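Coordinates in review
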Amino acid sequence: AEQFALRYADGPQLYITEQVIPSYFELSSGLRTEFNFLKPIQSHGIDARLEALKELAKLSADPTFAAEFITMEGIGTLARLVESGTHFGEMLAFTLTAFLELMDHGIVSWDLLSLSFIKQIAGYVNQPMVDVSILQRSLAILESMVLNSHSLYHRVAQEITVGQLIGHLQVSNQEIQTYAIALINALFLKAPEDRRQVRNRPIKAEMAHQLYVLQVLTFNLLEERMMTKMDPNDQAQRDIIFELRRIAFDGENDTGGTEKRKAMYTKDYKMLGFTNHVNPATDFTQTPPGMLALDNMLYLAKLHQDTYIRIVLENSSREDKHECPFGRCAIELTRMLCEILQVGELPNEGCNDYHPMFFTHDRAWEEFFCVCIQLLNKTWKEMRATAEDFNKVMQVVREQITRALAMKPASLDQLKSKLRSLSYSEILRLRQTERMSQDDFQSPPIIELRERIQPEILELIKQQRLNRLCEGSCFRKLGNRRRQEKFWFCRLSLNHKVLHYGDLDDESGVDCPHMKEKSALKQNKEVLELAFSVFYDPDETLNFVAPNKYEYCIWTDGLCALLGREMSSDLTRSDLDTLINMEMKLRLLDLENITIPEAPPPVPKEPSSYNFTYNYS
């Protein structure tokens, strides 16, 4: 029992112990595995050692194996192998994997690790050229050290700087980027308060800015600005609003008396879309987004000046109540982006949201805002929204941004492309498609309702087809010699029993648009696709060539309906689907957000007696 144990042959290959009792397993000689890996991983044979470390890396996730291996001083053995610096490539990767898996069980304290081990792991991270698997595991080990031991934080911080980790954010491997971000987050989470502020750190300005843009830091400038209220009495902050006004209106006529200037400023601030026209500084007192919204607006006004001026002027000059309030939209958009990207929240290991496009620009956050504010302005116009529709527009914009980010655009240009494809009409189409594909629409009551509605809709389509046949259509004559185009006309009688037809004048129909476009039906393939015939006598037929696909579907459907056959054209299928969906939406309108039961409610029991009356006296 000390040397052998049963183990699953398939799946995770966990060991079977008294603590882990399986519901079912099959005894087999192949399930016997020796616990003792210490001898082979220390052997001089490279192949034997590599094979043992590979198996060890796989088994270390098993808690039973981990407890036994740690009892035999396995952790210390692996640590010494790493400290020796004699392992490279796959052998080192398997060693680090096994070490990390064993430590994650929480049996051994991280504080027991030596300084030489930390230096060796940090060396792998600092090396310019190192195997990806080794770098990934080294970053993960350093992150666990920082998070699980306060004393190890100081040791790791001495060996690794944020500036050194920035280089790992520039690689194309997303796993390396993710592990580097996790280590940076851990370093700043455990850092003393006086070292958390990015502005006081000895890091290059563009690095610091990039870090807070990427939400790598928990306590960073982005969160700080988001939670900073604007002081209406702070002249420096008020000057930023003055700058927004100056850029938009080019400092129009700032001369005049105090009252005149106040009136002019009030008018301009209203055109800029602020809620408080007299003192727009009060619009930035709510947190979030606080001063972060003003920073975004200033960035747009200075670095994308043409876009800023166009958005402001095209909305301020409108008099049809459809103007988009730039200031209010920018503030609400900043708050929305903070919510979508979870700015200010603690790092969450369970969250898999990863956006590589934020690594492609030094000012990715501000550029992201600039893209989204243009989207908001475009969507506002597509919806022909008014001030009362503000919340509806913001909901649509949130959905557009969320859907675009879910596609993981690799750059801001790709984001723009994806947002262009997600117009307001496309969002409506996607909503309808998703709603129709929801489980509720596949439930038995909904399917039964569709089946009940379908005959009514088919009858409606049938009547439309027959009415169209009663109006009649013009058809081209096909003869052996096509010297001159000739046409004939056919229609259904009002009692739906007789087809009336006859020739048209030679000049009739030659100016019809579909006749000009078809170029005298020179293509035989097209003639075959639009041709059909009616056999009303063994030797007599009416041969039709419809002018277009629509008329072909109308007439074939109508004739099938007269003969009692199924209308099977593409047009019928499309009309049926559209009309049923519309009817379903109308009938289910009052059941919005109400769960529809799978089965009808049970019929109550019969009363014990039917001899009951009501005495009105």
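Reading the values: rules and limits
Residues numbered from 1 in each chain as written. Predicted model: local features only at pLDDT ≥ 70, side-chain atom pairs only at ≥ 80, totals over all residues. Heavy atoms only, no water. UniProt positions renumbered as here; feature names shortened; annotations may be inferred. Helix = DSSP H or I, 4+ residues; strand = E, 2+ residues; numbered from the N terminus. Contact = heavy atoms within 4.5 Å. Areas by Shrake-Rupley, 256 points an atom, 1.4 Å probe, with all protein chains shown as cover. Axes fitted to C-alpha atoms, helices over the stretch in contact; angles between N-to-C directions. Parallel < 35°, antiparallel > 145°, perpendicular 65-115°, else oblique. Left-handed = near helix turned anticlockwise from the far one by under 90°. Nonpolar A, V, L, I, M, F, W, Y, C, P; charged D, E, K, R; others polar. 1 Å grid on protein atoms, 1.4 Å probe; cavity = no way out; pocket = protein on both sides within 12 Å on 5 of 7 lines; lining within 4 Å. Points joined across faces, edges and corners; volume = space filled by probe spheres on them. Pairing = 2+ DSSP bridges. Expected span 1.5 Å × (residues − 1). Buried < 20%, exposed > 50% of the residue type's maximum accessible area, 1.4 Å probe, protein only. Disulfide = S-S within 2.5 Å. Arc of directions from axis to C-beta. Core = buried A, V, L, I, M, F, W, Y, C linked by side-chain atoms within 4.5 Å. Salt bridge = Lys/Arg side-chain N within 4 Å of Asp/Glu carboxyl O. pLDDT = per-residue confidence, 0-100.

With an unreviewed UniProt entry as reference, the protein is termed ELMO domain-containing protein, source organism Gadus morhua. Per its UniProt entry, the protein bears the Function (unreviewed entry) comment "Involved in cytoskeletal rearrangements required for phagocytosis of apoptotic cells and cell motility. Acts in association with DOCK1 and CRK. Was initially proposed to be required in complex with DOCK1 to activate Rac Rho small GTPases. May enhance the guanine nucleotide exchange factor (GEF) activity of DOCK1."

**Overview of the overall build of the protein**
The number of helices and strands found in the protein is 26 helices and eight strands. Once local pairs closer than 6 in sequence are excluded, the contacts in the protein between residues at least 24 apart make up 65%. Accessible area for the protein stands at about 35100 Å²; split by element, carbon and sulfur atoms hold 51% of it.

**A few points about the packing of helix 6 (residues 115–126) against helix 7 (residues 132–148)**
Packing of helix 6 against helix 7 leaves a shortest axis separation of 8 Å and a crossing angle of 135°. Here helix 7 runs oblique to helix 6, going by the angle between their axes. The two elements helix 6 and helix 7 cross, and the hand of that crossing is left-handed. Facing F117, I118, I121, A122, Y124 and V125 of helix 6, the residues of helix 7 in contact are I134, L135, S138, L139, I141, L142 and M145. The residue inventory of the contact of helix 6 with helix 7, partitioned by class, reads 12 nonpolar, one polar and no charged.

**Let's talk about the layout of surface pockets**
In this approach a probe as big as a water molecule rolls over the atoms, and the regions it shows empty are the leftover space. By volume, the second largest pocket amounts to about 390 Å³. In terms of lining residues, the second largest pocket is bounded by 20 residues, among which K270, M271, G273, E323 and P325 are the most central. Within the residue set of the lining of the second largest pocket, elements represented by two or more residues are helix 14 (258–271), helix 16 (305–316) and helix 17 (326–340). With three residues, the top contributor of residues to the lining of the second largest pocket is helix 14. Class assignment for the residues of the lining of the second largest pocket results in seven nonpolar, six polar and seven charged.

**Topic: unusual backbone geometry**
The omega torsion of the bond from T287 to P288 falls at -20°, within 30 degrees of zero and hence cis. Of the consecutive residues P288 and P289, the connecting peptide bond is found in the cis state with omega at 15°. Structurally, P289 can be placed in the loop between helix 14 and helix 15 (291–303). A positive phi angle, close to 55°, is found at Q342, a residue other than glycine.

**Quick word on the pairing of strand 7 (residues 531–537)**
In terms of strand pairing, strand 7 meets strand 8 (residues 540–545) through six bridges, oriented antiparallel. Within the sheet, the bridge partner assigned to D537 lies in strand 8 and is E540. Linking strand 7 to strand 8, which pair antiparallel, is a turn of two residues.

**Description of helix 26 (residues 570–587)**
The terminal C-alpha atoms of helix 26, which comprises 18 residues, lie 26 Å apart, in line with the 26 Å expected from a rise of 1.5 Å per residue. Among the residues of helix 26, those classed as buried are L571, T572, L576, I580, N581 and M584.

**With respect to the state of the cysteines**
Within this structure, the stated rule accounts for zero disulfides. Of the cysteine sulfurs around C324, a residue in no disulfide, the closest is that of C329, at 3.5 Å.

**With respect to helix 14**
Every α-helix winds through 3.6 residues per turn, so residues three or four apart in the chain are directed the same way. Relative to the 20 Å expected for 14 residues at 1.5 Å per residue, helix 14 spans 20 Å between its end C-alpha atoms, a close match to the ideal helical length. Turning to helix 14, its buried residues are M264, D268 and Y269. Considered in projection along helix 14, the buried side chains sweep an arc of 135° and stay on one side of the axis. For helix 14, the exposed residues set more than 90 degrees away from the buried face come down to E259, K262, A263, K267 and K270. Tucked into the core, helix 14 has its buried residues touching helix 13 (235–249). Backbone geometry just downstream of helix 14 places G273 in the positive-phi region, at approximately 90°.

**Considerations on the nonpolar core**
Ranked by internal contacts, the top residues of the largest apolar core, which has 66 residues, are F284, Y308, F326, L333, F368, I401 and L415. Those elements that provide at least two residues to this core are helix 13, helix 15, helix 16, helix 17, helix 18 (364–383), helix 19 (390–406), helix 20 (412–421) and helix 21 (424–436). With 12 residues, helix 18 is the largest single contributor of residues to this core. Residues in contact with I401, not counting those within four places in the same chain, are L333, M336, L337, I340, F368, C372, L375 and L419.

**Some details on the environment of M394**
For M394, the position within the fold is in helix 19. Residue classification places M394 among the buried positions, given a relative accessible area of 6%. Distance in space between the C-alpha atoms of M394 and L333 is 7.7 Å, their sequence separation being 61 residues.

**A look at the pattern of salt bridges**
Taken as a whole, this structure holds 20 salt bridges when the rule is applied. The salt bridge partner of K119 is E159, with a shortest N-O separation of 2.8 Å. Here the residue K119 occupies a position in helix 6, and E159 occupies one in helix 8 (residues 150–159), the gap between them amounting to 40 residues. The salt bridge involving R573 is made with D570; its shortest N-O contact spans 2.1 Å. With R573 and D570 both in helix 26, this residue pair falls three residues apart, about one helical turn. Judged by its relative accessible area of 48%, R573 is partly exposed.

**Remarks on the confidence of the model for the protein**
On average, residues of the protein carry a pLDDT of 80, and 81% of them reach 70 or more. Per-element mean pLDDT across the protein ranges from 40 in helix 11 (residues 205–213) up to 94 in helix 19. Counted against residues more than four places away or in other chains, residues 21–35, with its pLDDT under 50, gives 26 contacts. Low pLDDT, under 50, characterises residues 512–522; the predicted model gives this stretch 17 contacts beyond four residues in sequence or across chains.

**Regarding the side chain of R335**
By the secondary structure assignment, R335 is in helix 17. A relative accessible area of 15% means that R335 is categorised as buried. Setting aside chain neighbours within four positions, we find R335 in contact with Q286, P288 and P289.

**Concerning the sheet that holds strand 4 (residues 473–476)**
What the three strands build is an open sheet, ordered 4-5-6; its pairing is antiparallel. On the outer flanks of this sheet lie strand 4 and strand 6 (499–503), each paired with one strand and no other. Neighbour-to-neighbour, the strand axes of the sheet open up by a mean angle of 25°, direction not taken into account. Inspection of the sheet shows strand 5 (residues 487–492) paired to strand 6 by five bridges, in the antiparallel sense. For W488, the partnering residue across the bridge sits in strand 6 and is D503. Where helix 22 (residues 444–471) meets the sheet, its contacts fall on strand 4 and strand 5, and the angle it forms with strand 5 comes to roughly 135°.

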